[in-house]
Structure formats: structure tokens, C-alpha cells
Amino acid sequence: MVPIHDNRSKTDEAPVRAALRAGERAPSVCNTRPWALTHSGSRIAVSVDVDRRLEVSDPKARELVISCGAALYNIRTALRAHGVLPKINILPDPERPGLLAEIDTTHSVEPSNLDLLLYPSIGKRRTHRGPFTADVDDVRLVRALSTAAATEGAALRLITDKGLVQSLAGLVAAAEHVQRHERSHAEELARWVRSPGSRRPDGIHAEDFPPEERVTDAEFPERDYGQNRIPGMLDVHGEVTGTIALLTTVADTRSSHLAAGQALQRLLLTATAEGVSAAFHTQPLEEPLLRAFITERLCEGAHAQMILRLGREHQRTPNGGGPISPLTAGS
Ligand SMILES: Cc1cc2nc3c(=O)[nH]c(=O)nc-3n(C[C@H](O)[C@H](O)[C@H](O)COP(=O)(O)O)c2cc1C
């Protein structure tokens, strides 16, 4: 592979432009893309776009900041892959809480194997919806995902007990059903659902779903983006719910949410490089009482930030069959 950083001498703008493009490809709640990514000279700023906040389901902007954290991690990864060492100042100005991070791009670095491996995953990663064909049963990969989260200041907690998985699925179902029948929630969600054929880059599109409804054995209902699907009964042929995990942080501050977003994206890119996808079910974390219950009873008091299902979609060769993988690439 030709090192991407070889191009840097031709134009110093190239890494910054690649970083901004990478930032725009981050996952975000309801695909709201609630960030403003700007650059001035050698400095990139990641700010919140308050007009894109979900006032009903995310009044404290927790999911918004997690989304921006994911964008920040993509920016960091793209810069490093282009030979730039990102020097990051998190929440640099207490007077401007909407300014989440400033990144100085004047220093160079030799990209690591991991940087070069994770960077292409930015364009390949997509949110999965529906069942998987296999769980994440590779212990080394689970360890790599946990390390990815821990390195960014969060923790990945696997829920392996069948009863607890069913309980969590029940909480997702409870939140989903309540939100479906609450007018303010439904109206807010409807604003982010795009009509068929829409070319807008933001919002949820019909193509974001599998063509037909397929249910999982532990019933984790999808958020209803207007397709009116009611979760069915257990009827699964060779398909599985996936490995259930919670992403948690010790504190529950804005900087913890930013860390959770970076941890989320680091583990998602690591998973993508290994042919593993993730589905999200954040509905109960938008209900303060349910979130407190999950934090207290399933996370030993660590604050629940994301609920994930992880698994394989189809037979895919990890990492395009290449010799390096997140399991061997180091940091
Ligand atoms: C904080 C956060 C919460 C999310 N919650 C859900 C969810 O509850 N259900 C879901 O299907 N997708 C959820 N997503 C995934 C987004 O809908 C997805 O990232 C967005 O539609 C863009 O699609 P992509 O990830 O395939 O690029 C969430 C993503 C983030 C960052």
C-alpha cells in the first residue's frame, strides 16, 4: 500500500480536506449530522449545530455530543492517516460550550498500521438494522473492541446472560412503544424521515433498512421511522440477535459524552475492519427513568451511553483478506 502521507508535501490543505470529509461520514442520531466542522488556517473546529438538536428525545444534547465525538474521531483518524498529528483541545472555551474541540494540524506523524487500517473503514461503515448471521464469537476481537473503547475513555460491557439480554430487549421495546404513541416524539422523528427518492444527505431514508422485516430472537425492536413495522414473533432461521453490549462512561458530563462518541467510532471502525457491523437501540436511554435503571442495574453505576448489537451480516473476508487487522496492528 502507498502510504497516504506521501501526498502531504504536494498540498497541506489535502489532509484537512480529507479530515473534514471523514468527519461528515460519522454516524449520528437520526442522521441529524448535528455538527459544524470548520477550518481556519491549520486549525479545525468541531462545534455543535444547535438547530439540529432533537429537543424532545435528546433535550440535554447527550446523543448530539456523542455524534459529534464520532465525527471528531473520524477527523483524528483521517489526519493521522495523512501524516498529521492532531493536537486536540477539548472544550477549549468555557464561554463557548458549543465549541467541542479545536484541532491543531501543524505537526507531522508517521501513520501507524492501525491508522492506515481504520481510515478506509470510515467509508465502509454503515449502521446495520435487523438480525445478523453470526455473533461476535472471536474472543480476540471482543478484546480489541473493548480496548478501542477503553483507549478513548469509555467501557464496552458485554451482556452475555440470556435473561439480562431479554430484559434489556424488554426495556428497548417499552421505550419504543411509548415513544411511538407520544405525539411530540413521533412528530420530531417524522421531521427527520425523508420521502422516497430524496437526495438529502441528512435524515433517515428507506434504503437505510433491509428490504423486508426480519426479527431477532431476543426482540430488539427497531425505531419506527414511519415504516409502521410492528415487531413480529420469534421466527428466526439461521439468524441471530448479535452480541449485546453497552457503552458506558464513569461520569456523565459533556466531555464524557464526547469521549463516548470517540470510543463508539473507534470501536465501530475496528469492527468494520474485521467484517463486523453494529446496530443501535438508544430508545431507553432517551427515557431518564429507564436510563437510570440500566445504569444502576446493568452497568454497576457506570453511565449507559449506547446500546449496541454487534454481529456479522454475510460472509465477508475480514479486512479484505489483507495481512493486517486490528487484532494485530497495534496502536
Ligand atoms: C448517538 C446515536 C444514537 C443512535 N440511535 C439509533 C437508534 O436508536 N436506532 C437506529 O436504528 N440507529 C441509531 N443510530 C444510527 C443512526 O441512525 C445512523 O448513524 C445514521 O442514520 C447514519 O447512518 P450510517 O450510520 O449508516 O452512516 C444512532 C447513532 C448515534 C450516533
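In the nomenclature of an unreviewed UniProt entry, the protein corresponds to NAD(P)H nitroreductase from the organism Salinactinospora qingdaonensis.

Visitor: I keep staring at the site of the ligand and nothing clicks. Help me out?
Guide: Lining the immediate environment of the ligand, one finds 19 residues, of which Arg125, Arg126, Thr127, Arg129 and Thr282 sit closest. Ser28 is positioned such that a nitrogen or oxygen atom in its backbone is 3.2 Å from an oxygen atom of the ligand. In this structure, a nitrogen atom belonging to the ligand sits 3.1 Å away from a main-chain N or O atom of Phe280. Coverage of the ligand by the protein amounts to 97% of the 630 Å² it exposes when considered alone. One can see that the ligand is located within the largest pocket. At three residues, helix 2 (residues 62-81) tops the list of elements feeding residues into the shell around the ligand. Grouping the amino acids of the shell around the ligand by side-chain chemistry returns eight nonpolar, six polar and five charged.

Visitor: Teacher, can you tell me more about the nonpolar core here?
Guide: Proteins that are soluble and globular tend to have nonpolar side chains buried together. Ranked by size, the top nonpolar core spans 37 residues in total, and within it Ile44, Val46, Cys68, Ile75, Leu79 and Ile103 carry the most contacts. Mapped by element, the contributors of at least two residues to this core are helix 1 (13-24), strand 1 (35-40), strand 2 (43-48), helix 2, strand 4 (99-108), helix 3 (113-124) and helix 7 (254-273). Per-element tally for this core: the top contributor is helix 2, with 11 residues. Both domains that meet at this core, namely domain 1 (4-124) and domain 2 (139-321), each give it at least three residues. Membership of the second largest hydrophobic core comes to 22 residues, among which are Ile66, Ala149, Ala263 and Val276.

Visitor: Looking at this model, I keep getting lost on the sheet that holds strand 4. Mind explaining?
Guide: The strands that make up a sheet pair up through hydrogen bonds in the backbone, lying either parallel or antiparallel. With antiparallel pairing, the four strands of this open sheet are ordered in space as 1-2-4-3. Edge positions in the open sheet fall to strand 1 and strand 3 (84-90), since each of these has one partner strand only. Strand-to-strand twist across the sheet, computed as the mean angle between neighbouring axes with direction ignored, equals 20 degrees. Across six bridges, strand 3 lies against strand 4 in antiparallel orientation. What sits directly across from Asn89, in strand 4, is Glu102. Strand contacts of helix 1: strand 1, strand 2, strand 3 and strand 4, with the helix running at about 175 degrees to strand 1, the strand carrying the most contacts.

Visitor: Before we go on, may I ask you to explain the environment of Val29 in this structure?
Guide: With respect to the element layout, Val29 can be found in the loop between helix 1 and strand 1. Judged by its relative accessible area of 12%, Val29 is buried. For the pair Val29 and Gly203, spaced 174 residues apart in sequence, the C-alpha separation works out to 9.1 Å. Other than its neighbours up to four places away in sequence, Val29 contacts Leu54, Glu63, Ser67 and Glu286.

Visitor: Before we go on, may I ask you to explain the pattern of salt bridges in this structure?
Guide: Pairing of side chains with opposite charge becomes possible as their charged atoms draw close. Enumeration over the complete set of coordinates arrives at 15 salt bridges. Of the charged contacts, one joins Glu300 and Arg157 as a salt bridge, the two residues approaching to 2.9 Å between their closest N and O atoms. You can see Glu300 sitting in the loop between helix 8 (288-298) and strand 8 (303-311) and its partner Arg157 sitting in strand 5 (residues 155-159), a full 143 residues away along the chain. Between Arg223 and Glu286 there is a salt bridge; the shortest N-O distance is 2.9 Å. Taken together, the residues span a long stretch of sequence, with Arg223 in the loop between helix 6 (183-190) and strand 6 (243-249) and Glu286 in the loop between strand 7 (277-280) and helix 8 at a distance of 63 residues. Judged by its relative accessible area of 9%, Arg223 is buried.

Visitor: Can you help me understand helix 2 in this one?
Guide: Since there are 3.6 residues in each turn of an α-helix, residues three or four apart along the chain are aligned in direction. Here helix 2 spans 29 Å end to end across 20 residues, near enough to the 28 Å set by a 1.5 Å rise per residue. Most of helix 2 is tucked away, with 19 of its 20 residues classed as buried. Looking at the residues trailing helix 2, positive phi occurs at Gly83, about 80 degrees.

Visitor: In this structure, what is going on with the packing of helix 3 against helix 7? I would like to understand it.
Guide: Any two packed helices are characterised by the angle at which their axes cross and by the distance between the axes. Closest axis-to-axis distance for the helix 3/helix 7 pair is 8 Å, and the angle between their directions is 90 degrees. Classed by the angle they form, the pair helix 3 and helix 7 counts as roughly perpendicular. Facing helix 3, whose interface residues are Leu114, Leu117, Leu118, Ser121, Ile122 and Lys124, helix 7 presents Arg266, Leu269, Thr270, Thr272 and Ala273. Split into classes, the residues belonging to the contact of helix 3 with helix 7 amount to six nonpolar, three polar and two charged.

Calculation notes
All residue numbers refer to positions counted from 1 along the written sequence of the respective chain. Local features are withheld for residues below a pLDDT of 70 in this predicted model, meaning they are given only at 70 or higher, and side-chain atom pairs are given and counted only at 80 or more; totals for whole chains, interfaces and linings count all residues. With hydrogens and water excluded, all non-hydrogen atoms of the structure serve as input to the side-chain values. Any residue with a heavy atom positioned within 4 Å of a molecule or strand is treated as near that molecule or strand. We call two N or O atoms a polar contact when they sit within 3.5 Å, provided that within protein one can donate a hydrogen and the other can accept it, with sequence-adjacent residues counted only if both atoms are side-chain atoms. Only the protein chains shown count as covering a residue, and every accessible area follows the Shrake-Rupley method with a 1.4 Å probe. As defined here, a cavity is a set of points on a 1 Å grid over the protein atoms alone where a 1.4 Å probe fits but cannot get out. A pocket is an open set with protein on both sides within 12 Å along at least five of seven lines, and residues line them when an atom is within 4 Å of a point. Assignment of a molecule to a cavity or pocket requires that more than half of its atoms lie within 2 Å of the corresponding grid points. Runs of E in the DSSP output that reach at least two residues are strands. Runs of H or I that reach at least four are helices, and both are numbered from the N terminus. Classification used: nonpolar for Ala, Val, Leu, Ile, Met, Phe, Trp, Tyr, Cys and Pro, charged for Asp, Glu, Lys and Arg, polar for all others including Gly. Only buried residues count toward a nonpolar core, which is a set of Ala, Val, Leu, Ile, Met, Phe, Trp, Tyr and Cys residues joined through side-chain atoms within 4.5 Å. Each residue is placed in one exposure class: buried if its accessible area under a 1.4 Å probe, protein chains only, is under 20% of its type's maximum, exposed if it is over 50%, and partly exposed if it falls in between. Either an automatic procedure or a domain database provided the assignment from which the domain bounds are taken. A pair of strands is treated as paired once DSSP finds two or more bridges between them. For helices, the fitted axis covers only the stretch in contact; all axes are lines through C-alpha atoms, and the angles between them, taken along N-to-C directions, range from 0 to 180 degrees. Note on definitions: a residue-residue contact is assigned when non-hydrogen atoms from the two residues lie within 4.5 Å. Note on definitions: salt bridges are taken to be side-chain nitrogens of Lys or Arg within 4 Å of carboxyl oxygens of Asp or Glu. To estimate how far a helix should reach, multiply one less than its number of residues by 1.5 Å. Here roughly perpendicular refers to angles of 65 to 115 degrees, roughly parallel to angles under 35, roughly antiparallel to angles over 145, and oblique to all remaining angles.

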